[in-house]
2 protein chains.
Amino acid sequence: MIYLVVIAAVLALSFAAFNFMTVKRMPEGTEKMQEIAESIRIGANAFIHYEYKILYLVVGVVAVLLAVITTWHAAIALIIGSVMSGCAGFVGMKIATYSNVRVANRARETEDIGETVKVAFRGGSVMGLCVGGFALLGIFIVYMVFGIGMGQLDITSASYTNMLGLSFCPFTMTLSGYALGCSMVAMFNRVGGGIYTKAADMGADLVGKTEAHIPEDDPRNPATIADNVGDNVGDVAGLGSDLLESYVGAISSGIILAYHMFSKSLAENTGMSNELLKTLILFPLIFVAIGLIASCLGIASLLFKKHMSQDPHKDLDASTYLASGMTIVLGLVVSYVMFRSFESASLKSILGFKCGWLSPWIAAAIGVVSGVVIGMLAELYTSAEYKPTQNLAHASLEGAALTITQGLALGMKSCMAPCLVLGAGIIVSYQAAGMYGVAMAAMGMLSFVTATVSVDTYGPISDNAGGIAEMSMLDPKVREITDTLDSVGNTTAAIGKGFAIGSGALAALALMISYLYSYNDFNTELILNLMEPMTLAGAIIGGALPFLFSGMLIEAVAKAARKMVDEVRRQFREIPGILEGKAKPDYKTCIEISSKGAIGEMKVPSMLAIVVPVACGFIFGPEFVGGILIGSTICSIMIAIFAGNAGGAWDNGKKYIESGKVPGSGKGSPAHDAAVIGDTVGDPLKDTVGPCLDIFIKIMSTVSLVAVAVFAEHNLADFLMKFFG
Amino acid sequence: MIYLVVIAAVLALSFAAFNFMTVKRMPEGTEKMQEIAESIRIGANAFIHYEYKILYLVVGVVAVLLAVITTWHAAIALIIGSVMSGCAGFVGMKIATYSNVRVANRARETEDIGETVKVAFRGGSVMGLCVGGFALLGIFIVYMVFGIGMGQLDITSASYTNMLGLSFCPFTMTLSGYALGCSMVAMFNRVGGGIYTKAADMGADLVGKTEAHIPEDDPRNPATIADNVGDNVGDVAGLGSDLLESYVGAISSGIILAYHMFSKSLAENTGMSNELLKTLILFPLIFVAIGLIASCLGIASLLFKKHMSQDPHKDLDASTYLASGMTIVLGLVVSYVMFRSFESASLKSILGFKCGWLSPWIAAAIGVVSGVVIGMLAELYTSAEYKPTQNLAHASLEGAALTITQGLALGMKSCMAPCLVLGAGIIVSYQAAGMYGVAMAAMGMLSFVTATVSVDTYGPISDNAGGIAEMSMLDPKVREITDTLDSVGNTTAAIGKGFAIGSGALAALALMISYLYSYNDFNTELILNLMEPMTLAGAIIGGALPFLFSGMLIEAVAKAARKMVDEVRRQFREIPGILEGKAKPDYKTCIEISSKGAIGEMKVPSMLAIVVPVACGFIFGPEFVGGILIGSTICSIMIAIFAGNAGGAWDNGKKYIESGKVPGSGKGSPAHDAAVIGDTVGDPLKDTVGPCLDIFIKIMSTVSLVAVAVFAEHNLADFLMKFFG
């Protein structure tokens, strides 16, 4: 049955390759278009190469450390993980930089929305399929080599002693190492890409729109190419590796949890069998394989559709709903096939599966549904079709201060609804299948990630296509089509952000549960007791961490944007004829500024997430780290939702005003100026802070999970306690 | 020894009465000044009367409910608490409305900073002394009547069965009820006052400064009297009852904790004696009595000082440091006198007092020091003398968007340092004296509250004095003096806000620990396990609550401010000659708008804090409520620090620009406009959201503490569990 995983992975990767080639073979359009696309491609490539160099340097150092203090198995898995995630991000970004110009060209040639959507979505699907395909391929390798291959799935051979004399279970260590590899890539891609894209965007807007009063994506603006490069490195590669990380985190924490939780029952002779244990470990793998196949079908259903509607949102939704619906239906079959052979009563008594073989499916299905609902809630708060954003747009009539105030209020209020969904999901999935159920809900939510990433990547590709159309001065009709695509892309981006934080939160919680099991191994009960002073202090300090992290990111963006502003102003001043369109701006310097700014600024916040839990673990011990994790997870969820929704609403509120639907406003009015300020404030919040917090909590949990095996035994606090009695 | 409490209370209240009369006997100055002061006084009185009407209606309803579902003792204590807190707020506000004009007049007559400071501080000290005096008086009554009087301090007679057949310990129930009474007053004063003051302030600024370009406190602005009324109802009465609540919460949770924790040891015959138990219960009471006496001395030291320096900040600091220093020194004596008769070894083995009789003092002293340090940190982030605020001011040169962005980053980054202090305080005080130590740290931090409230109240009185000087067109020299006082007041306000949230957080944590002891009674271990799905879901939803609450408050302020804007615009339009100063604006209508807005908008958020924990308790049970409390406490701490520091920095950044210290800026420059936008955005954050979150977490904990005795036994979740097996 395990071969289903590799079959799904290969299927997805083949489909990705097919789509890649199909897109690449399409015509690129006019010479001007080719030239601009080439600049964007070169900029994006240069950045990712430079970023990956640093990334793999850090990965190398961490791998060596891991090999020394834990096991060499984990170090190899770490490298596999980083390669898989790195490939997915690289390929996805690559195709995005091919698709953008081809989308613009298709719009130019056919003047048909449906046909254009297909190209953009085909490009996006490559990223989605790579996420699912590479992630599962890597997990399959780890599972086969270190699990079945080394006989580690048999609990009796679970120990390995390393050179420092510490004992580990190589199987869970490799899985954690694999997840850590994916996390590190995601961290660098998200933080680096997030700073890059917003530094360019804010820099372009602050001078272009506010000072020189030229429209967005105007070729006279020197920062405009950098802005378009940013979409590719931040919104494509960053998003892809972020969700790949959630995906891997949810799957591997499910497996680790099952292993730790039930190998205990096995040792205690509670009626647990080795076969049941293996089934529990296998279930999440098979479920996501099924989810990947369902996603392929969902993607294919759109790509091979004959009659596209003129409403891209409907077609994209149909594809996602097909994928998630089929995942639920096929998941039921999987649950039945895998668990029906075990007696219902024994499932209930040994595992706490209240509904017998149905239990794991119920938990996973709850995850799928919660994911969809959380996405919808994000749409409700950020789409100009609903009251909250419309009210925000009206507040712009009263000036910048009330626009900001109202947006802050909107973002803050929007935290509750998704948290209610998360809370209910946790309670119900626990009732169905215990802690294993909570992990399965996380896994379920992410099982159709390929479909959601495909839709999410469609957005920045369309955005880029619009930019290229504008810069190559194509017929306004083309821009109209790409604008339609782009506005749908904004909505899908908001949904995607809601989904990313919701799924990231569940994945982080699942990782945290695995963390606790890892150091609480064979204890009577799983406890994260906030009345333990170490845990309580950890939770308070942990709560402050995402605020510190977010503040640092905002400052990083502002700093890089400021350099961009100086450069754009300099060019406007020093290059004669630039504003009349007679002289060509120096795009390259702007790209370099964004690149250097992003690379320079991303180091400290990225390292913070990796170093803090490890350092705290070795100084204050595992209880303190448990507190850090829960405090930072809770606060990160809130800030991420707040940032995403406030930023999204400011963005769409501005667009609503531009559409002229607010009486007494419109482009160029004082209300529009106020709305632009809101949008600019929201930029780093929604595209840097929110997405990076996703990763922040997951990487902290993953790092802790890997290191806990060591610091649970050896830490300064314990040592002092023993020393002073 | 208990009589020391009533002696301290009477001493404080007599001192307050003396200061009240002294201030009232001072001359009021010119007719114009008297007239303006009269308007402010009438406005403030009208609001507080109207607010108290609603407040006492709600108190009455809650008292009846309490009498029915718990005990009549608690209902009486609730009423005592609400009367004590109500009196303190009322008297403090009353004297503030007398002092403001007398401060302006003293400045006019003497033209001496030191003399003027004395008047303002004498006024402020009445609020401070009332907080300490009334709070302790009430606790003394409750302790004498329901503790000693009913013999409840003897564990053997600890039970009372109410009409619903539920059993309670009347002593802890009455203490919780007393704290709840104080909380409810604080909630209404803080939320109502907070909305009032910022609606008026924002309304006045949005039209006055931004549209009509007239200075602050200009008599031509119709909203200016309402703005000055707001300082009295929000910053004086609101702050006073807020800190009174923290004070009572910290003391009573210390007592309840000691009672629950050690009556268990008593029952288990671990060597605990009834005498030791009583000493533990008495210690926080005596310590705060000592703190109150020390605060009286600190206040007197300033009031009877012969040679005032020309730097008010130094004098005010000296008074606070004297009070806190003497509290620490006298506290050491108290600890020695009370605990030296017990053997050091038995204190260690029974109570976990690692340092014998020194332990409770160490914990309390840590509280005092932490409080001072947290206040200093707030100053570091918000005072224009330090880098963070200066950098923010420089960001204004680049427009409103970067001003907001930079301020958000500053606020977010500022969360970490105070949380490190809190975390370290918790760990060290726990090491010294266990959970009792954590409660003693909270008590210690608040023990010299009278001194801090006196300094805090000095601020709004000076602010008002400046307003009156401006409106009655006194010599600019007068305004100069009051401006000096006011700018010091801004710094003390920032320190006060930091202190309020720090102490509020510790008080809330102490209340939470009491909560857990109340339903975990006689259990083996105190557990708030976040791996319990109910608790985890509660923590996530609880984390979203303060965001929801904050969002609602910001919207409430914006809504009320908008009405104010409309009214001010209407008056400018319809009353001819108003802007030339020829016609008198209609101040009264503006006052009414603020009043109505505040009363109307405060209901929902206030009720949210009271109803949510009770409703959740009866539906989901005590574990869920435990999660709600911890989640909301952690997130509230962060948002309150963020809001306070971001808002304070925007405010002082604007002032820094106005002082002309940023090259290329100054009043009227585009940078100044950007800074004004930042200040306006910060207004509801620092003066409504931050302070109200203080109360929010305390009232939730107090309500839960009162109701847990009922819902721990009777809740829907348990019922369903039993029903479905």
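The rules we used
- Residues numbered from 1 in each chain as written.
- Chains lettered and ligands numbered in written order.
- Predicted model: local features only at pLDDT ≥ 70, side-chain atom pairs only at ≥ 80, totals over all residues.
- Heavy atoms only, no water.
- Helix = DSSP H or I, 4+ residues; strand = E, 2+ residues; numbered from the N terminus.
- Buried < 20%, exposed > 50% of the residue type's maximum accessible area, 1.4 Å probe, protein only.
- Contact = heavy atoms within 4.5 Å.
- Salt bridge = Lys/Arg side-chain N within 4 Å of Asp/Glu carboxyl O.
- Buried area = accessible area lost by both parts, 1.4 Å probe.
- Nonpolar A, V, L, I, M, F, W, Y, C, P; charged D, E, K, R; others polar.
- Least-squares fit on C-alpha atoms with pLDDT ≥ 70 in both.
- Patch = residues over 30% accessible without salt bridge, like charges linked within 9 Å, V, L, I, M, F, W, Y side chains within 5 Å.
- Areas by Shrake-Rupley, 256 points an atom, 1.4 Å probe, with all protein chains shown as cover.
- Lys, Arg positive; Asp, Glu negative; His and termini not counted.
- Charge placed at Lys NZ, Arg CZ, Asp CG, Glu CD.
- 1 Å grid on protein atoms, 1.4 Å probe; cavity = no way out; pocket = protein on both sides within 12 Å on 5 of 7 lines; lining within 4 Å.
- Points joined across faces, edges and corners; volume = space filled by probe spheres on them.
- pLDDT = per-residue confidence, 0-100.
- Phe/Tyr/Trp six-rings, centres within 6.5 Å; stacked < 30°, edge-to-face > 60°.
- Axes fitted to C-alpha atoms, helices over the stretch in contact; angles between N-to-C directions.
- Parallel < 35°, antiparallel > 145°, perpendicular 65-115°, else oblique.
- Left-handed = near helix turned anticlockwise from the far one by under 90°.

## What to know about the environment of alanine 539 of chain B
- Mapped onto the elements of the fold, alanine 539 of chain B is located in helix H16 (residues 533-574).
- Classification of alanine 539 of chain B by relative accessible area gives buried; the value is 0%.
- The spatial distance from the C-alpha of alanine 539 of chain B to the C-alpha of isoleucine 634 of chain B is 9.4 Å, given a sequence separation of 95 residues.
- Those residues in contact with alanine 539 of chain B, other than ones at most four positions away along the chain, are Ile634 of chain A together with Leu530, Gly627, Ile628, Ile630 and Gly631 of chain B.

## So, the environment of phenylalanine 549 of chain A
All names here are of chain A.
- Positionally, phenylalanine 549 belongs in helix H16 (residues 533-574).
- Residue phenylalanine 549 is classed as buried on the basis of its relative accessible area, which comes to 0%.
- Not counting residues up to four positions away in its chain, the partners in contact with phenylalanine 549 are Met187, Val191, Pro605, Leu608, Cys692, Leu693 and Phe696.

## Digging into the pattern of salt bridges
Residue and element names in this part refer to chain A.
- Across all of its chains, the model carries 58 salt bridges over all chains by this definition.
- The partner of lysine 584 in a salt bridge is glutamate 35, with the nearest N and O atoms 3.4 Å apart. Of the two residues, lysine 584 sits in the loop between H16 and helix H17 (587-620) while glutamate 35 sits in helix H2 (residues 31-69), which places them 549 residues apart along the sequence.
- Among the residues examined, lysine 584 registers a relative accessible area of 56% and is labelled exposed.
- Judged by its relative accessible area of 38%, glutamate 35 is partly exposed.
- Its salt-bridge partner being aspartate 687, residue lysine 686 comes within 3.3 Å of it at the nearest N-O pair. Across the pair, exposure class does not vary: lysine 686 and aspartate 687 are buried alike.
- In this structure, a network of salt bridges that share partners links the residues Lys198, Asp201, Lys497, Asp651, Lys655, Asp683, Lys686 and Asp687.

## Focus: the interface of chain A and chain B
- Each partner contributes residues to the interface: chain A has 65 residues there, and chain B has 66 residues.
- It is Met412, Met531 and Phe547 of chain A that lose the most area in chain A upon contact with chain B, and together they represent 12% of the buried surface on that side.
- In this assembly, chain A and chain B are joined by four salt bridges.
- A salt bridge links lysine 413 of chain A to glutamate 555 of chain B; the shortest N-O distance between them is 2.8 Å.
- Taken together, the elements giving at least two residues each to the side of chain A that touches chain B come down to helix H5 (170-212), helix H12 (400-413), helix H13 (416-447), helix H15 (476-519), H16, helix H18 (622-658) and helix H19 (670-711) of chain A.
- Examining the composition of the side of chain A that touches chain B, we find that 19 residues originate from one element, H16 of chain A, more than from any other.
- Its residues assigned to classes, the side of chain A that touches chain B comprises 52 nonpolar, nine polar and four charged.

## Some thoughts on the relation of the copies chain A and chain B
- Its rotation angle being 180°, the transformation that places chain A on chain B also includes 0.0 Å of axial translation and leaves an RMSD of 0.0 Å. Both copies of the chain, as the preceding transformation shows, are related through a two-fold rotation axis. Taking C-alpha positions as reference, the residue of chain A nearest the rotation axis is asparagine 529 of chain A, located at 2.2 Å.
- In this assembly, 100% of the residues forming the interface of chain A have copies in chain B that are likewise at the interface, indicating an isologous arrangement.

## So, unusual backbone geometry
- Here the phi dihedral of histidine 213 of chain A falls at roughly 50°; this positive angle occurs in a residue that is not glycine.
- Take histidine 213 of chain A: it is sitting in the loop between H5 and helix H6 (224-267).

## Comments concerning a negative patch on the surface
Residue and element names in this part refer to chain A.
- Together, Glu532, Glu623, Glu713 and Asp718 make up a negatively charged patch on the protein surface.
- Checked against the element boundaries, glutamate 623 lands in helix H18.
- Overall, the relative accessible area of 33% leaves glutamate 623 in the partly exposed class.

## What about a nonpolar patch on the surface?
Residue and element names in this part refer to chain A.
- There is a patch of nonpolar side chains on the surface, built from Ile619, Phe620, Leu716, Phe719, Leu720, Phe723 and Phe724 and spanning about 730 Å² of accessible area.
- For the nonpolar patch, the secondary-structure elements that each account for two or more residues are H17 and helix H20 (716-724).
- For the nonpolar patch, the element with the highest residue contribution is H20, accounting for five residues.
- Mapped onto the fold, phenylalanine 723 is located in helix H20.

## Concerning empty space enclosed by the protein
All names here are of chain B.
- Inspection of the entire model under this criterion finds six cavities of 30 Å³ or more.
- In this structure, the largest cavity encloses a volume near 160 Å³.
- Surrounding the largest cavity, 18 residues form its lining, Lys497, Gly498, Ile501, Ala640 and Ile641 being those nearest its centre.
- Broken down by secondary-structure element, the contributors of at least two residues to the lining of the largest cavity are helix H10 (358-382), helix H15 (476-519), helix H18 (622-658) and helix H19 (670-711).
- Each residue belonging to the lining of the largest cavity can be placed in one class, and the counts come to 10 nonpolar, four polar and four charged.

## Let's talk about the confidence of the model for chain A
- Taken over all residues, the pLDDT of chain A has a mean of 90, while the share at 70 or more is 98%.
- ipTM for the predicted complex: 0.94, alongside a pTM of 0.94.

## Some words on the packing of aromatic side chains
All names here are of chain B.
- Within this structure, the stated rule accounts for 36 aromatic pairs over all chains.
- Measuring from ring centre to ring centre gives 5.9 Å for phenylalanine 353 and tyrosine 436, while their planes differ by 25°; the resulting arrangement is stacked. With phenylalanine 353 in the loop between helix H9 (344-351) and H10 and tyrosine 436 in helix H13 (residues 416-447), the pair connects residues that are 83 residues apart, well separated along the chain. Of the two residues examined, phenylalanine 353 and tyrosine 436, each falls in the buried class.

## What to know about the packing of helix H10 (residues 358-382) of chain A against H13 of chain A
Residues and elements named next belong to chain A.
- In the contact formed by H10 and H13, the axes pass within 7 Å of each other and the chain directions differ by 160°. By the angle class used here, H10 and H13 are roughly antiparallel. In this structure, H10 crosses over H13, and the sense of that crossing is left-handed.
- The residue makeup of the contact of H10 with H13, split by class, is 20 nonpolar, nine polar and no charged.

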